[in-house]
Structures are given as structure tokens and as C-alpha cells.
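Breakdown of the fold
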Amino acid sequence: MSASFAGRLTRGMVAGLLAVLLTGCGSRESARPAHPLPAPPFQAAGEPGRSGGEFVLSLSSNPRTFNPLLAFDAASDAVTRLLHSSLIRLDWTTQEIVPGLAHSWSVAPDQKTWTFNLRRGLHWSDGAPLTAADVVFTWNEVMYDREFNRLTPDLFRIQGKPFEVTAPDELTVRVVTPEVFGPFLEFFGSVAILPKHILEPAVKQGRFASVLAVNSTPARVVGCGPFRLKEFVPDKHVRLERNPEYWAADRAGNRLPYFETVRFAIDPSPGSDTVLFLAGKTHALDALRFEAVERCEQAAPQSGVRVLNLGAGVERDFLWFNQNTGTNAAGRPLVAPAKLRWFRNQTFRQAVSCAIDRARIVREACAGRAQPIHTFIGAENRRWSNPAVPVFEFNRERARALLAEVGLLDRDGDGVREDAQGVPVEIQMFCNTGNPFREKAAALIAEDLRHAGLKLNTAAISFRELVEKINVTFDYECALMGLGGGGLDPASQLNVLRSSEDLHQWFPRQSAPSTPWEARLDALMDAQMRTLDFAERKRAFDEVQMILAEQLPMIYILSPVAYAGVRAEIGNVRPSALTPYRVTWNLEELFFRSPSRD
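All of these numbers come straight from a predicted model, not from anything done at the bench.

**Considering helix H9 (residues 346-355)**
Because an α-helix completes one turn every 3.6 residues, residues spaced three or four positions apart along the sequence face the same direction. Most of H9 sits inside the fold, with 9 of its 10 residues counted as buried. Along H9, the positions that sit buried rather than exposed are Thr 347, Phe 348, Arg 349, Gln 350, Ala 351, Val 352, Ser 353, Cys 354 and Ala 355. Two or three places before Thr 347, at the opening of H9, Asn 345 has a side-chain oxygen 2.9 Å from that residue's backbone nitrogen.

**Notes on the packing of helix H3 (residues 132-143) against helix H5 (residues 196-204)**
As a packed pair, H3 and H5 sit with axes 10 Å apart at the nearest point and diverge in direction by 25°. Between H3 and H5, the angle falls in the class roughly parallel. Viewed along their axes, H3 and H5 form a crossing whose handedness is left-handed. Contacts from Ala 133, Asp 134, Phe 137, Glu 141 and Val 142 in H3 reach Lys 196, His 197, Leu 199, Glu 200 and Val 203 in H5.

**Focus on empty space enclosed by the protein**
Counting across every chain of the model gives 1 cavity of 30 Å³ or more. Its boundaries defined by the atoms lining it, the largest cavity holds a volume of some 60 Å³. Looking at the largest cavity, the residues that line it are His 374, Thr 375, Phe 376, Val 389, Gln 545, Leu 548, Ala 549, Leu 552, Pro 553, Met 554 and Tyr 556. Broken down by element, the residue count for the lining of the largest cavity peaks at 3 residues, all from helix H16 (residues 534-551). Here the residues of the lining of the largest cavity are counted per class, giving 8 nonpolar, 3 polar and no charged.

**A few points about the sheet that holds strand E6 (residues 113-118)**
Reading across the sheet, the 4 strands line up as E5-E6-E10-E9 and stay open at both edges, with antiparallel pairing between neighbours. Two strands lie at the open edges of the sheet, namely strand E5 (102-107) and strand E9 (164-169), each paired on one side alone. The mean inter-strand angle of the sheet, taken between neighbouring strand axes irrespective of direction, is 20°. Pairing of E6 with strand E10 (residues 172-176) involves 5 bridges; the strand directions are antiparallel.

**Notes on the side chain of Thr 80**
Here Thr 80 lies in helix H2 (residues 74-83). For Thr 80, a relative accessible area of 3% corresponds to the buried category.

**Comments concerning the packing of helix H10 (residues 358-365) against helix H12 (residues 436-451)**
Each packed pair of helices is defined by two parameters, the angle between the axes and the distance between the axes. Following both chains from N to C, one finds H10 and H12 inclined at 140°, their axes separated by 10 Å at the closest point. Both H10 and H12 take part in a crossing whose hand is right-handed. Facing Arg 360, Ile 361, Glu 364 and Ala 365 of H10, the residues of H12 in contact are Phe 437, Lys 440, Ala 441, Leu 444, Ile 445, Glu 447 and Asp 448. Residue composition of the contact of H10 with H12, by class: 6 nonpolar, no polar and 5 charged.

**Points about the packing of aromatic side chains**
Inspection of every chain in the model, using the stated rule, returns 32 aromatic pairs. With a centroid separation of 4.8 Å and an interplanar angle of 20°, the aromatic rings of Phe 55 and Phe 259 are classed as stacked. Remark: Phe 259 occurs in the loop between strand E13 (248-249) and strand E14 (261-266) and Phe 55 occurs in strand E2 (residues 54-59); sequence separation between them is 204 residues. Its relative accessible area of 0% is what places Phe 55 among the buried residues. Ring geometry for Tyr 258 against Phe 591: centres 5.6 Å apart, planes inclined by 65°, an arrangement best described as edge-to-face. Of the two residues, Tyr 258 is situated in the loop between E13 and E14 and Phe 591 in strand E24 (residues 591-592); the sequence distance between them amounts to 333 residues. Here the two residues Tyr 258 and Phe 591 agree in accessibility, since each one is buried. Through a chain of ring-to-ring contacts, the aromatic side chains of Trp 105, Trp 114, Phe 116, Trp 139, Tyr 144, Phe 156, Phe 163, Phe 181, Phe 184, Phe 187 and Phe 188 assemble into a single cluster. Lying over the aromatic face of Phe 534, Arg 383 brings its terminal NZ or CZ to 4.1 Å of the ring centre.

Definitions and limits used
- Residues numbered from 1 in each chain as written.
- Predicted model: local features only at pLDDT ≥ 70, side-chain atom pairs only at ≥ 80, totals over all residues.
- Heavy atoms only, no water.
- Buried < 20%, exposed > 50% of the residue type's maximum accessible area, 1.4 Å probe, protein only.
- Helix = DSSP H or I, 4+ residues; strand = E, 2+ residues; numbered from the N terminus.
- Polar contact = N/O pair within 3.5 Å; in protein donor to acceptor, adjacent residues only side chain to side chain.
- Axes fitted to C-alpha atoms, helices over the stretch in contact; angles between N-to-C directions.
- Parallel < 35°, antiparallel > 145°, perpendicular 65-115°, else oblique.
- Left-handed = near helix turned anticlockwise from the far one by under 90°.
- Contact = heavy atoms within 4.5 Å.
- 1 Å grid on protein atoms, 1.4 Å probe; cavity = no way out; pocket = protein on both sides within 12 Å on 5 of 7 lines; lining within 4 Å.
- Points joined across faces, edges and corners; volume = space filled by probe spheres on them.
- Nonpolar A, V, L, I, M, F, W, Y, C, P; charged D, E, K, R; others polar.
- Pairing = 2+ DSSP bridges.
- Phe/Tyr/Trp six-rings, centres within 6.5 Å; stacked < 30°, edge-to-face > 60°.
- Lys NZ or Arg CZ within 6 Å of the ring centre and 35° of its normal.

Take a look at the structure:
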């Protein structure tokens, strides 16, 4: 998704040229006096810490951009999140929305007119004033221009109409939505604000994609996050320095961030993140892989690291059956009619859920480093989860009874059930290669279903092939995959739950809901989007979870435990399994408890 360097330059020549461009031009006075803290400054939740030192993280690839709207790859996102800020923030430990560039906000009685009050005295990292004009520019000139933002503009339209974003004065932003928009605060408020004085000329010339690029001089990479760009040497490191204009302070009134610099060491070698961490060359590892956990736990006493078990994360492995009633180009059904009858039967899906021994899968496929799950939203999202949903947990006798209830019986005594027409229940399930835990889980699921009289044939294919089957050709019967990510708000699940959406995996892109319960899901998700009342939204989403738990279009299996690593000397660590940045989401308030030796 980023432009490649063309021509006859070798990779090494390009790297050398970029290093010269980025370190030899546009240098800044790091000692330039900052403006006073804005009024009021954001006050961090952690304890007052110690300033100084260099905090080191690792990247497996070079960032492709420093532009937050174009940061689609992991490396770019890891860096840009520290360079830019938004009107509000998410506290990932309390799961609450807290102030950001805006110190307060309100909504009018019509529930469509929002007012954000910016902090007085905000400045960009280059010292230029940050005002409401920058917010208006971000939205009206960039976010709603499809030439610059091809991915997300429709998230901020209602029936095709954009939000009206205006600035009554330098410290006030007013937003009017065409209709009530339930997730407005989290969705709108979390968008990174861009510097008008830097980007407006490029926007007018249609060059937005080329600004804040990786070959920009540090002085031109202007943001309002806790850090600013100091140096980028491709294939070696990205170094950020403290932004002297940052708008947050600790409880003692000391301006944040504490670290003088943050360095991202770039090493594409497999497992290099763990090697660097255990060698003491990095200070944190936000996502500690399964295979590295035991190694880190064993090394912890000697290496001064902490391994954090954060419980079930946001990734969830599940299987589903293809319920697509369509036909292929030749006019043949995508799913054999007999199998489609099984797959679209609620009781059949409940029986399959009861046949699966999730605890055994966790124990044998994941070495205990996962948690069995049964529901769409788990207890980790305590604000929105519904603990009252029914659970179709492992119970072989119940599974057999449910299968008999829908007329699936072993009519010829061969150990495999047949339907009333004599068709044996034999199903093909695909999973992806490159994930040994999932491949092992698939084998165990097949064994469990055999005990219930169902024959499940498993095959591992490349992830690309699997995506092609489930999203394009629909040439499959059953699949085992995982999904993760999304925000805390139910609106982040719309692309899965709405019958017309692409990730409505069991039957995507329906022109109209194919079942009454899917129609009800659509109605409930639309209803919770059209009110700001949390209790109303929660009631609607509770019913959504109830329907999913009873209908089981997605049969959830397990959620990998979220592990992270951090050096014991780091203070103000407030970990969360709900974000990819499990220990560094609040990096601006982290600090070294003892004087650093940088």
C-alpha cells in the first residue's frame, strides 16, 4: 500500500540516501523553549515519574508512512500513534473515554449537535498554534475527500450525508450529524487531527499521500502527539524525541512524556523481537507470541523482565458453516442442498457446539495458553458483554440428542449419521496453514465430532486461498479462522453482524436478510446506532448477543491468552488485553524507576 522506490537505485543506495535526507536536513533546536502547558493540561492517571532516558521497542519492518490516515501496516501504526493525537482518548484499563485535545464536550438536546472545547494554548510540535481550524481542515479537506481517504469516509456518513464540521471560534468545534449517531464520541473523536499549516498546500495540489512520508525531513513531520520524529535510518531504526509542546502533565504538574527519546529497532529476522527483549536491548514487548512465553518466563528472574498474562484477548477462533443460498456462475448451488439444510438448522449448530471439547483443545493444541469461549463478546469487554446468554458447552450426550432431534441418525450402523434421505453427514472444513495451533485444533474438533457421529474432513490451505474461498468464490462448507481487533463499541462489529456486510461470514453481502433472526440483528444494530442513551444501546446489544448465542452462526472455540513483556524497571505500566499496545498504550506516562544509563 505504499509506493516502491523505482529506478536503478539499489536498496542499500536508497537506504543511504534516505539516511542523509532524514538526518542531514531540516534539523531542529531540541532545546527550543516550549510554550507553557495548555489550560487545562491533560492530567495523566499514573504516579509522578522520573524524566529522562531512551525507551526502546522493536519493529519487524520499516514504517511506510508517518501519515496517520495512511498507516495501514503495523510498523507505521506503531510509530504514528506517538506522533499524533485526537480530540478524545481511550483509557484501555478503565474502558472509558477521556479528554484529549478537547478538554470537554457536550451534545445538544437534539442529540445531533456536538460541541468540543479545545484546550487553550495548544501547539503543534513545530510551535505553531493548534486551533479549531485544524480540526475543520482534517475533516472537510481530508477525511471526506475520497482521493485522500478511500477507506473510512463512509463510516462518517449517514444515508450518504457527511457530518457538518465547523469552527465558531479558535477553541470550539461544532459537529452536526444528519441523524443521531450512537458511537459518535469514540469514532469521531479518535481520528488523528492534522496540521493545516503544513498539509493544506499539498492537499490543494493533490499531493496528500506524499506528505508526512518516510523521506520527509524531521522538521516537516509535524504532529501533536507525545513525541516527534528525530531520525529515520531505513533497516536500522526510527528515533523519536520528546515533543516539548505536548499537552499533558502528571499530577505534580510536570510536562509529559518522561522519556527523552523512543527508539524503534528494526529487525525483520523471525523471533528477533524476543531475542532483543531477553538480551536487554528493548524495554517492552506488547505482543508476546505463544512460542516465546515459556522462554521468557524461564528467563524472567535473571533477565529482569516481567511476563504479563492479561487473560483472553480480542482474538477469537471460531468455526462456521456456509449458509449461502446462492448459486455459482454455472447456476449450481454454492452448497449442496442436503448440507445447506443442516447448516441452516439452529439445532444442528447447537449440537456441533455441544460436541466440541474446548478445554481439551486449549490444553492439547495451545499448551493451556488460551481460554475456552462460547460467546461473541466476552467478559474482557465488561462494559458491553452480556453474561446472561445461554452457553452450549461440551456435552456429548446433549450433542447426540440434538442431532437425533433434527433427524440425523446412524441408520446403517457405520458410525456416521445420515439424514432422512440417507445422505451421510460428511463435511469438509478448511483452516489456514502457518498456524500450527489452529491446525492441531482442527484435528481435535474432527475427533470430537466423530464421537457425535459426524464425519469432518479437515484441510489446511494457504491463508490467501482460504480468504478467496470464503470471501469470493464461496466454494467451501465449513471454515475455522480467527478474527480480532475492533473497538470497544458495538458499532465496530457492524461489518460482521449486518447481513449486507462482507464479514457476515456465514452468508455475506445479502441483498435482504435470509432469516428472521438476521433481520432482527440488522434492526437491533441499526437501533443502537440511533441513540446516545447507553442503557438503550446496551439493551439492544444484549439482545444481539442473545441471538448469536442461541443461533450460533459462529461457533466460538477459544481465545488466545494475551501475553506481554516489560522490563521490571518501567513504571506506570497499566496493561490491557483490548489493545495491540498492551503495555505501551500510555507510553507518554511510562518512566524508568531508576536513573537510566542511555
